[in-house]
2 protein chains.
Amino acid sequence: MPQLTLTAMDIAGRKDRATRAHDQRERIVDAARRIVLREGLAALSMRKIAEAIGYSPASLYLYFEGRDEIAEALGREGYAQLLAYLEPHACADDARERLHALAHAYVAFGCDHPQTYELIFMMHRGRQQQAGPHAHRQRDAASKPPASDARACAACGAQLFAATLSELILARGAHADCGLLAEALWATLHGVVMLTLARAEFAPAAPGPLIEAALDAWFGERAAATLPPAQTSGAASC
Amino acid sequence: MPQLTLTAMDIAGRKDRATRAHDQRERIVDAARRIVLREGLAALSMRKIAEAIGYSPASLYLYFEGRDEIAEALGREGYAQLLAYLEPHACADDARERLHALAHAYVAFGCDHPQTYELIFMMHRGRQQQAGPHAHRQRDAASKPPASDARACAACGAQLFAATLSELILARGAHADCGLLAEALWATLHGVVMLTLARAEFAPAAPGPLIEAALDAWFGERAAATLPPAQTSGAASC
DNA sequence: GTCTATATGTCGATAGAC
DNA sequence: GTCTATCGACATATAGAC
């Protein structure tokens, strides 16, 4: 049965091809990650990636549509890194303890891995239309999903804290709009990170005490009974 | 007295020259501002500025050392704009009312003038070393002051709120570390703005209620007695 | 599948004529 | 003081040979 054998080989060949393509994509992303970690997202370019893996720039287009797709892959990866980094800090039994640990870890991650944090939350800015003459075609084509998994990450920043926060509040018998407070908490931590990364002059002298003060005022023991009630507008309460 | 006349003319001439130079600088900055407002800071280039005012790119270097100096001038201007925007919102007699108005106005300014906000707080990022081959000379020369008035703006973000905040807290007889809380408040508002500017998916559904919730939890009437005490570490208390 | 070569555009900054 | 011309570098992306 030569047909069967041929079919089997076809399948094997297809698998091989798929695997090789996958490996190449990984090599490319690896090189891209090294560049971003060393020089920042703004310095990422097809040429540099190609040079780093001994390719010609043209070959990269066999595996990725362009720079943006590579950057997006790095962003996904970065978000996974952030989650992995936070996970061990979410193990405390006490909700309050857990919330504090998570908050400090979040800021620590952002400050210690600025390039990765930038990848996650700042993919958009700069280099808006600095591309070549064919960029508009790319843009039109890429306008299908503004970001394939953007919605998945959407409120994820807040959701990182929402569960713990709701547990904390419920345990105290208080009734508050957890979604709103989680967003506020996320914004605060994000703000601390961004101010720190923006300029040394903007950074809070000591982020640690600042985070403590913020959490204490919001969720400290003495604040237990004073949380604002769920509001009529906006996000669903917990 | 020909000497005197000559001297007088010299002085007049010098004044003229200085005035003209000043006018030219203004023309340049005006054009630069228009470009940034229309296309963002990343799109600001010497060539575009020159074209906008009918100059050759080379001529700009007679009035500015380079792109960075122009951007810095725009940043100063943007900060002044922010202050001017906030001022009318700081007129309420009641400290609590004033704090709320300031907070909302701050976020509104950032969201409504993203390019200007970027100019103030994100001058640093991207385009780090995207310049030409002679950029290193520039960098060496410019390394005297990392930013001439950076120190002046340093904790200004927090200071925008510190006075009102301290008044509010003192009025209630509570004792808290105003500096720390002011920084936390600033970080929160900055975070809200940045998340909003970064991506629609990140932005809080409604910034208004979020700000209200944050302020209420921190400084709401029911939170009056529960503010965290001044801490031993960090900034000076008020 | 990979590369060379190229098209097309961007930029900062300078030298030297006028 | 202003411009032309240019240097030297960056980029995205494609066409077509091998």
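Computed from a predicted structure; not experimentally measured.

1. So, the overall build of chain A
For chain A, the helix and strand inventory stands at 11 helices and 0 strands. Sorting the 238 residues of chain A into buried and exposed places 45% on the buried side. When the accessible surface of chain A is totalled, it reaches about 12,100 Å², and 55% of it is carbon and sulfur.

2. Points about the UniProt feature "DNA-binding region" (unreviewed entry) in chain A
When the UniProt feature table is mapped onto this chain, "DNA-binding region" (unreviewed entry) is found at residues 45–64 of chain A. A distance of 13 Å separates the end C-alpha atoms of residues 45–64 of chain A, which is 55% helix and 0% strand.

3. What about the nonpolar core?
Considering soluble globular proteins, one finds that nonpolar side chains tend to be buried as a cluster. One finds Tyr106(A), Phe161(A), Tyr106(B) and Phe161(B) to be the most contacted residues of the largest nonpolar core, which totals 96 residues. Excluding its chain neighbours within four sequence positions, the residues that come into contact with Phe161(A) are Leu99(A), Leu102(A), Ala103(A), Tyr106(A), Leu185(A), Trp186(A) and Leu189(A).

4. Thoughts on the environment of Met46(B)
Residues and elements named next belong to chain B. Tracing the sequence through the fold places Met-46 in helix α2 (residues 46–52). It is 7.4 Å that separates the C-alpha atoms of Met-46 and Leu-60, two residues lying 14 residues apart in sequence. When residues no more than four places from it in sequence are discounted, the contact partners of Met-46 are Leu-60, Tyr-61, Gly-66, Arg-67 and Ile-70.

5. Structural notes on the pattern of salt bridges
Overall, the coordinates contain 16 salt bridges over all chains when judged by the stated rule. Here Arg38(A) ties to Glu39(A) by a salt bridge, and the two come within 3.4 Å at their closest N and O atoms. For Arg38(A), a relative accessible area of 58% gives the class exposed. A salt bridge links Glu69(B) to Arg25(B), with the nearest nitrogen and oxygen atoms 3.6 Å apart. Linking Glu69(B) in helix α4 (residues 67–86) with Arg25(B) in helix α1 (residues 2–39), this pair joins segments that are 44 residues apart in sequence. Since its relative accessible area comes to 25%, Glu69(B) is described here as partly exposed. Through salt bridges that share partners, Asp30(A), Arg33(A) and Glu77(A) make up one connected network.

6. Here's the deal with the packing of helix α5 (residues 95–112) of chain A against helix α9 (residues 156–171) of chain A
Residues and elements named next belong to chain A. At a closest axis distance of 9 Å, the pairing of α5 and α9 adopts a crossing angle of 155°. As the angle between them shows, α5 and α9 are arranged roughly antiparallel. Pair α5 / α9 crosses with left-handed handedness. Facing α5, whose interface residues are Ala-95, Arg-96, Arg-98, Leu-99, Leu-102, Ala-103 and Tyr-106, α9 presents Leu-160, Phe-161, Thr-164, Glu-167 and Leu-168. A breakdown of the residues in the contact of α5 with α9 according to their chemical character gives 8 nonpolar, 1 polar and 3 charged.

7. Some words on helix α9 (residues 156–171) of chain B
Think of an α-helix as 3.6 residues a turn; residues three or four steps apart then line up on the same face. Residues and elements named next belong to chain B. Taking 1.5 Å as the rise per residue, α9 with 16 residues should run 22 Å; its terminal C-alpha atoms sit 23 Å apart, in good agreement. A maximum bend of about 35° is found in α9 at Ala-162. All of the buried residues in α9 are Cys-156, Gly-157, Ala-158, Leu-160, Phe-161, Thr-164, Leu-165, Ser-166, Leu-168 and Ile-169. In the stretch just after α9, Gly-173 is the one whose phi turns positive, near 75°.

8. Examining the confidence of the model for chain A
Residue and element names in this part refer to chain A. Averaged over every residue, the pLDDT of chain A is 83; residues scoring 70 or more account for 77%. Here residues 128–148 is modelled with pLDDT under 50, and outside its nearest four sequence neighbours on either side it reaches 12 contacts, counting other chains as well. Confidence drops under a pLDDT of 50 for residues 232–237, and excluding neighbours within four residues, the segment shows 8 contacts in the predicted structure.

9. Observations concerning the packing of aromatic side chains
Overall, the coordinates contain 17 aromatic pairs over all chains when judged by the stated rule. Ring plane angle 65° and centroid distance 5.3 Å describe the contact between Phe202(A) and Phe121(B), whose orientation is recorded as edge-to-face. Taken together, the residues Phe202(A) in the loop between α10 (178–198) and α11 (207–219) and Phe121(B) in helix α6 (residues 114–121) connect one chain to another. The pair formed by Phe202(A) and Phe121(B) is uniform in burial state, with each residue classed as buried. Connected via pairs of aromatic rings, a cluster forms that spans Tyr106(A), Tyr117(A), Phe121(A), Phe161(A), Trp186(A) and Phe202(B).

10. Topic: the side chain of Arg67(A)
All names here are of chain A. By secondary structure assignment, the location of Arg-67 is in helix α4 (residues 67–86). For the buried residue Arg-67, which engages in no salt bridge, the nearest side chain bearing the opposite charge is Asp-68, 4.1 Å off. For Arg-67, the side chain forms a polar contact with the main-chain oxygen of Leu-44, separated by 2.8 Å.

Definitions and limits used
- Sequence order sets the numbering: in each chain, residues are counted from 1 along the sequence as written.
- Chain letters start at A and ligand numbers start at 1, both assigned in the order the entries are written.
- It should be noted that, the model being predicted, local features are given only for residues of pLDDT at least 70 and side-chain atom pairs only at 80 or more, the latter also being counted only at that level, while totals for whole chains, interfaces and linings use all residues.
- Only hydrogens and water are set aside; all other atoms, that is, all heavy atoms of the structure, feed into the side-chain values.
- Each helix is a run of H or I in the DSSP string that is no shorter than four residues. Each strand is a run of E no shorter than two, and both are numbered from the N terminus.
- Under the scheme applied here, a residue whose accessible area is under 20% of the maximum for its type counts as buried, over 50% as exposed, and between as partly exposed, the area being computed with a 1.4 Å probe on protein chains only.
- A 1.4 Å probe and the Shrake-Rupley method give the accessible areas. Residues count as covered only by the protein chains that appear here.
- UniProt positions are given in the numbering used here, feature names are shortened, and annotations may be inferred rather than shown by experiment.
- By nonpolar core we mean a set of buried residues, namely Ala, Val, Leu, Ile, Met, Phe, Trp, Tyr and Cys, connected to one another through side-chain atoms within 4.5 Å.
- We call two residues contacting when some pair of their heavy atoms lies within 4.5 Å.
- Salt bridge criterion: a side-chain nitrogen from Lys or Arg within 4 Å of a carboxyl oxygen from Asp or Glu.
- Lines fitted to C-alpha atoms define the axes here, with helix axes fitted over just the stretch in contact, and angles between the N-to-C directions of these axes take values from 0 to 180 degrees.
- Convention used here: angles under 35 degrees read as roughly parallel, angles over 145 as roughly antiparallel, angles from 65 to 115 as roughly perpendicular, and any remaining angle as oblique.
- Crossing handedness: left-handed means the near helix sits turned counterclockwise from the far one by under a right angle, and right-handed means the same turn made clockwise.
- Here the term charged refers only to Asp, Glu, Lys and Arg, the term nonpolar to Ala, Val, Leu, Ile, Met, Phe, Trp, Tyr, Cys and Pro, and the term polar to all other amino acids, Gly among them.
- One less than the number of residues in a helix, times 1.5 Å, gives the span that helix is expected to have.
- The angle separating two fitted axes, one through the seven residues that finish at a residue and one through the seven that start at it, defines the bend at that residue.
- As a per-residue measure, pLDDT reflects the predictor's confidence and takes values from 0 up to 100.
- For Phe, Tyr and Trp, where Trp contributes only its six-membered ring, two rings pair if their centres lie within 6.5 Å, and the inter-plane angle classes them as stacked under 30 degrees, edge-to-face over 60, or tilted in between.
- The charge count treats Lys and Arg as positive and Asp and Glu as negative. His and the chain ends do not count.
- Between N or O atoms, a polar contact is any pair within 3.5 Å; within protein, one atom must be a potential hydrogen donor and the other a potential acceptor, and residues adjacent in sequence are included only when both atoms are from side chains.

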